[in-house]
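Take a look at the letters that make up each chain.
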Amino acid sequence: GQKRVLDLGCANGINIRNLKAQGYDLVALGVDISSKMVEIMLGYLSLFLSAFGAATLLPLQSEAVLVGLISTGKYSVVLLIAVATFGNVLGSCVNWWLGTRIEQYKDKKWFPVSETKLSQAQKLYQQYGSPILLLSWIPVIGDPITLMSGVLKEKFITFFIIVFIAKLLRYLFLYLIFLGVFLM
């Protein structure tokens, strides 16, 4: 029967191809640790981390990292947009989760939002509802919106879908700007 082989450092898979040529029925499970692949993976990892951090309350930016990686021509644009979107949505999910937990501290002196401000935010969120999450991609206001959605107990699935759409459209729009689609 068919054997599964883990070929660490397989690079181009030459060892598995040679064994198959000799008649072995193999399925390769490989990890490429060539310096080129390590460089590529570090690019994707840096994009993921910057996108994740940028979606939290940390003052980070992922747009420059995304455009920089696209401009090298070494990366799959589809994969870059997917990694950026996934990282950014996951960071927003952290904000939502923190929001679900932070309200228990609202009576503490150190709590960053007064009861009045919390009530105002709740009224604003109730006025516009979950569609306000479509603004979650906007720098400065997007992160607090995702935090507030947790405070105000937005259903996670609703939160996730709307934030995913907003973040994906943001990165697609950024890519179109990179391509010069909006230049006259």
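Just above, that's the structure.
The shown structure was predicted, so the numbers you read here are calculated from the model rather than taken from an experiment. Counting starts from 1 at the beginning of each chain's written sequence and moves along it residue by residue. Only residues with pLDDT of at least 70 get local features here, since the model is predicted, and only at 80 or more are side-chain atom pairs given and counted; chain-wide, interface and lining totals rely on the full set of residues. As a convention, hydrogens and water are excluded, and side-chain values are obtained from all of the structure's heavy atoms.

1. A short note on unusual backbone geometry
Defined as follows: Secondary structure elements follow DSSP: runs of H or I of four or more residues count as helices, runs of E of two or more count as strands, with numbering from the N terminus. Burial classification: accessible surface area is computed with a 1.4 Å probe over protein chains only, and a residue below 20% of its type maximum counts as buried, one above 50% as exposed, and the rest as partly exposed.
A positive phi angle, close to 60 degrees, is found at K153, a residue other than glycine. Residue position: K153 is located in the loop between α6 (142–151) and α7 (156–179). Using a relative accessible area of 49% as the deciding quantity, one classes K153 as partly exposed.

2. A word on the packing of aromatic side chains
Condition: Stacked, edge-to-face and tilted labels apply to pairs of Phe, Tyr and Trp rings (six-membered ring for Trp) whose centres lie within 6.5 Å, assigned for plane angles under 30 degrees, over 60, and everything in between, in that order.
Within the structure shown, the criterion is met by 9 aromatic pairs. Consider the rings of F160 and F164, whose centres lie 6.3 Å apart with planes at 15 degrees: the pair is stacked. Taken together, the positions of F160 and F164, both in helix α7 and 4 residues apart, correspond to about one turn of that helix. Classification of F160 as partly exposed rests on a relative accessible area of 32%. Aromatic rings pair up to connect W96, F156, F159, F160 and F164 into one cluster.

3. Thoughts on the environment of P59
Relative to the helices and strands, P59 resides in the loop between α2 (35–55) and α3 (63–72). Counting along the chain gives 81 residues from P59 to V140, while the straight-line C-alpha distance between them is 9.0 Å.

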